[in-house]
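Coordinate analysis (summary)
Here is how the chains run, residue by residue.
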Amino acid sequence: MIVILAAAAIALWALRGGVKPSGKPIASDDRTNHTLLFVYSPDGVSAPADTIVLFGLVGEDKGSALLIPAGTTTDVPVHGPLSLGDSSTYGDPASIELATENLLGVRIDATVILDRHAFVAAISRLEPFDILVEERLGARQGNSIVTKFQPGRYKMDALTVNAYLELRAEGETEVARLARKQKVFEAILQKARSMPDGEFGFSGEDPTHLVSNVPISSANEIARALALREVSFSLLPVDPKQTLEGVESFEPREGEIRRVVTQRFPGAAVAPDVESRIRIGILNGNGGVAVTEDVAKRLIPRGYRVVYTENADRFDYEETQIVFYRTPDERIARDIRARLGTGRLVFNHQMQDVVDVLIVVGRDYPVGQGSQTHAGGQQQ
């Protein structure tokens, strides 16, 4: 019943407005030149993410933005099923970037995680921002609800924009917050469009406030190019769920996600056929630190989808095994062996529905290529 009510609420929210597509229509022959994953973790770059947006430069003059609920459940290589927002808690952009690529099946060229300090610093030179607040927003303080924003049009400075972005209004769903977040990003891009070249972008390289998997100058090139384009926003297709404790989570609708990726980020899909990404399971059979993450990093950018990573029943497998279950999938197993540089192909007649190919990583795969240890001391 709770799930049904939540689904009805999201449908009503969509009818009332929600994330509204804007910008120029994207043609089928357009191609996505660059993508940028923007991750806002207000309490620190190793804290859970509050806001996740995938931006893309499409064609010569278009932009795409995909708003992703931070509570979206997905398979995070090495760490297992988590909310996408929690995958930013491992201290560098690699985990959330890999998890997002795995979820969407889309190429990500740059990832930036920034905290409250870095966000305010990045937008302060653009203030004030023109933002329309459509309804009263209040937050609970003790036993009362305190109004934070009354309906009306505001000229907000950077600190107020930040407070508006972070606000979790009483009775407001996480999905409904995304409509407000869209307004914030549209206002930022609109102001950035009027700034002199080079005046907009992420500032500073202090890793306590901002981390990136590329030089900040490269991320800024994408951000500045976005500011010169009309950006079309869309929402990740999800099904809302809610526990009895009121905690929101979202289940991705895979078929619709493939459609969104194809339409909004043409040419950025990591698999030639986004309708049939090969499902991979990875087992650590050699005891290497985060070895399954290393395997995932080799395969996900090539279009494979990792559905789980676990430890094998033992850590003394001498040879990597690449197990496939259908004769036509032998070519897939051979491709995986080529990408890993090792492995013995194993045909298993016993069909199963979870994965198409299972990889048991043996000692012939270099130990210690992973970058971090799984929480709780397990190797994976």
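What comes next concerns the included structure. (Residues numbered from 1 in each chain as written. Predicted model: local features only at pLDDT ≥ 70, side-chain atom pairs only at ≥ 80, totals over all residues. Heavy atoms only, no water.)

Turning next to the overall build of the chain. Per the secondary structure count, the chain includes nine helices and 19 strands. With 380 residues in all, the chain has 52% of them scored as buried. Within the chain, contacts between residues separated by at least 24 positions form 71% of all contacts whose residues are at least 6 apart in sequence. Total accessible area computed for the chain in this model is approximately 16,900 Å², and 50% of it derives from carbon and sulfur atoms. (Helix = DSSP H or I, 4+ residues; strand = E, 2+ residues; numbered from the N terminus. Buried < 20%, exposed > 50% of the residue type's maximum accessible area, 1.4 Å probe, protein only. Contact = heavy atoms within 4.5 Å. Areas by Shrake-Rupley, 256 points an atom, 1.4 Å probe, with all protein chains shown as cover.)

We now examine the environment of Pro-151. Tracing the backbone through its elements, the reader meets Pro-151 in the loop between β9 (144-149) and β10 (152-156). Along the sequence, Pro-151 and Arg-136 sit 15 residues apart, while their C-alpha atoms lie 5.3 Å from each other.

In this section: the sheet that holds strand β19 (residues 357-361). A sheet is described by the order of its strands in space; here five strands give the open sequence β16-β15-β19-β17-β18, paired in mixed fashion. Sheet topology places β16 (305-311) and β18 (344-347) at the edges, where each strand pairs with a single neighbour. Sheet twist, expressed as the mean angle between neighbouring strand axes with direction ignored, is 20 degrees. Note that strand β15 (residues 279-284) and β19 share five bridges and pair parallel. Across the sheet, the residue bridging to Ile-282 is Ile-359, located in β19. (Pairing = 2+ DSSP bridges. Axes fitted to C-alpha atoms, helices over the stretch in contact; angles between N-to-C directions.)

Below, the discussion takes up empty space enclosed by the protein. The rolling of a water-molecule-sized probe over the atoms marks out the regions of remaining empty space. This structure, assessed with the given rule, holds one cavity of 30 Å³ or more. By volume, the largest cavity is sized at about 210 Å³. Contributing to the lining of the largest cavity are 15 residues, with Phe-38, Phe-185, Ile-188, Phe-200 and Phe-202 lying nearest its centre. Going through the elements one at a time, β1 (32-40), α3 (116-123), α5 (174-193) and α6 (216-227) are the ones with two or more residues in the lining of the largest cavity. Tallied by class, residues from the lining of the largest cavity come to 14 nonpolar, one polar and no charged. (1 Å grid on protein atoms, 1.4 Å probe; cavity = no way out; pocket = protein on both sides within 12 Å on 5 of 7 lines; lining within 4 Å. Points joined across faces, edges and corners; volume = space filled by probe spheres on them. Nonpolar A, V, L, I, M, F, W, Y, C, P; charged D, E, K, R; others polar.)

Its volume calculated, the second largest pocket comes out at about 420 Å³. What lines the second largest pocket is a set of 22 residues, among which Asp-50, Ala-70, Arg-168, Glu-174 and Arg-177 lie closest to the centre. The set of elements that each furnish at least two residues to the lining of the second largest pocket consists of α5 and β14 (248-252). Of the residues contributing to the lining of the second largest pocket, the split by class is seven nonpolar, six polar and nine charged.

Function cannot be inferred from these measures alone, as they are strictly geometric.
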